Amino acid sequence: MKAVHHLCKFATIAAIFLAGCSAPHGQPRSDSEVLAPNEVLEFGPLFSENCAACHGAEGKGGAAIALANPVYLAIADDASIRKVIAQGVPGTAMPAFAQSAGGMLTDAQIDVITKEIRSRWSRRGILDAASVPPYAPKLAGDAQRGEAAYKTFCESCHGPVGRGGQKASAISDDSFLALVSNQSLRTILIAGRPELGAPDWRGNVPGRPMSDQEITDVVAWLASRRVSNPGQPYSASNNTQPQESEDAKRK
Ligand code: HEC
Ligand code: HEC
């Protein structure tokens with residue numbers, strides 16, 4: 001056993017020497033060129049090292065939504081996508097990647113990621129643009145109407161008051177709502193999470209796509225159920241720490 005161990009050590013050392021000898025002194029070998037992290041401009045390694053842990057390998061979805069969702073890419077333009085990548089979404093798990101925002105990626109790297117997400121994963125013409133709800137809400141939401149729309153469109157899967165049902169998980173509990181932005185709720189309502197079997201805005205009630213107003217109202221209802229101290233056993237008034245407005249944090 002020991003002899004084998006020594007043999008391995010010797011082989012390793014020999015390999016290092018041999019590798020060192022094949023290039024003239026002082027010159028880097030052409031096949032050992034290693035790029036500095038901020039010089040990498042290839043989408044594959046950029047995405048797998050920075051994004052795949054949350055958005056899944058090949059953008060197929062994980063803890064965070066699939067980016068390889070053509071419905072998502074049909075509603076979100078490059079400027080919106082780039083802004084989230086660069087600046088992150090404060091108050092959620094989505095980090096800021098731009099160096100100007102404390103991240104690790106250069107502007108050029110963020111451009112590559114933004115461009116390639118679209119060129120690889122979008123499908124032109126899958127939606128009739130006129131009938132798609134806009135990415136950002138244009139109208140004010142009404143939580144009361146949203147509660148009624150929830151019953152029509154969501155309750156069958158997510159259960160009464162969003163507490164979870166047979167077909168889908170709870171979406172109105174403190175801990176979920178505390179970590180998700182209103183935009184992300186809207187994105188999920190419109191684009192679905194096809195990778196998990198969550199329908200897009202057309203599929204909740206067959207033959208009855210949600211209107212822009214209904215989507216905005218359901219998001220307003222979910223948002224109205226956020227509490228300022230999620231997970232606290234005591235009521236908010238028992239907490240003496242000053243609280244930033246939850247809405248301000250999530251803008
Ligand atoms: C630590 C987990 C994590 C990592 C790493 C991460 N994301 Fe995210 N991402 C999230 C979460 C969570 C959200 C939803 C945030 C919210 O609630 O708005 C999100 C949202 C997004 C959105 C916006 C979706 C929408 O609703 O419009 C884009 C685009 C995005 N991420 C791209 C990326 C890219 C590209 C990378 C890699 C450079 C990346 N993310 C890395 C967790 C992550
Ligand atoms: C046909 C069943 C079905 C209907 C109807 C439905 N969903 Fe879902 N939804 C799912 C499934 C399945 C998932 C993914 C797995 C899970 O979270 O349980 C999901 C996921 C979600 C998520 C993400 C949860 C997470 O943990 O990331 C949100 C938010 C959501 N749905 C909101 C809604 C809202 C709001 C409605 C109504 C407008 C709705 N859904 C209608 C089945 C459904």
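Residues numbered from 1 in each chain as written. Chains lettered and ligands numbered in written order. Predicted model: local features only at pLDDT ≥ 70, side-chain atom pairs only at ≥ 80, totals over all residues.

All right, on to the overall build of the protein chain then. Each helix and strand in the protein chain was counted, giving 12 helices and 0 strands. Overall, the protein chain shows an N-to-C arrangement of helices and strands of α-α-α-α-α-α-α-α-α-α-α-α. Counting across all 251 residues of the protein chain, residues that qualify as buried make up 23%. For the protein chain, restricting intrachain contacts to residue pairs at least 6 apart in sequence, the fraction spanning at least 24 positions comes to 62%. (Helix = DSSP H or I, 4+ residues; strand = E, 2+ residues; numbered from the N terminus. Buried ≥ 20, exposed ≤ 12 C-beta atoms within 10 Å, placed from the backbone. Contact = placed C-beta atoms within 7 Å.)

With that settled, consider the environment of Leu 73. By the element assignment, Leu 73 lies in helix H4 (residues 70-75). The class of Leu 73 is buried, set by 23 C-beta atoms lying within 10 Å. For the pair Leu 73 and Arg 118, spaced 45 residues apart in the sequence, the C-alpha separation amounts to 6.7 Å.

Another point: the environment of Pro 160. The residue Pro 160 is located in the loop between helix H8 (155-158) and helix H9 (174-178) in this model. Among the residues examined, Pro 160 registers 11 C-beta atoms within 10 Å and is labelled exposed. Residues Pro 160 and Ala 170 lie 10 residues apart in sequence; the distance between their C-alpha atoms is 9.5 Å.

Counting 38 residues, the largest nonpolar core has Tyr 72, Ile 75, Ile 215 and Val 218 as the members making the most contacts within it. Secondary structure elements with two or more residues in this core: H4, helix H5 (78-87), helix H6 (107-121), helix H7 (143-153), helix H10 (182-191) and helix H11 (212-224). Ranked by the residues each element gives to this core, the list is headed by H11, at 6 residues. Counting contributing residues, this core receives three or more from each of domain 1 (37-121) and domain 2 (143-224). (Core = buried A, V, L, I, M, F, W, Y, C linked by C-beta atoms within 7 Å. Domains from an automatic or database assignment.)

A pair of packed helices is characterised by two quantities: the angle between their axes and the separation of those axes. Packing of H7 against H11 leaves a shortest axis separation of 7 Å and a crossing angle of 105°. The angle between the axes of H7 and H11 places the two elements in the roughly perpendicular class. Contacts between H7 and H11 involve Ala 143, Arg 145, Gly 146, Glu 147, Ala 149, Tyr 150 and Phe 153 from the former and Glu 214, Asp 217, Val 218, Ala 220, Trp 221 and Ser 224 from the latter. (Axes fitted to C-alpha atoms, helices over the stretch in contact; angles between N-to-C directions. Parallel < 35°, antiparallel > 145°, perpendicular 65-115°, else oblique.)

Now for the site of ligand 1. Lining the immediate environment of ligand 1, one finds 24 residues, of which Cys 51, Cys 54, Ser 181, Ser 184 and Thr 187 sit closest. Put simply, the parts of the chain that give the shell around ligand 1 at least two residues each are helix H3 (52-55), H5 and H10. (Near = placed C-beta within 6 Å.)

Scope: geometric values only; no functional claims are made or implied.
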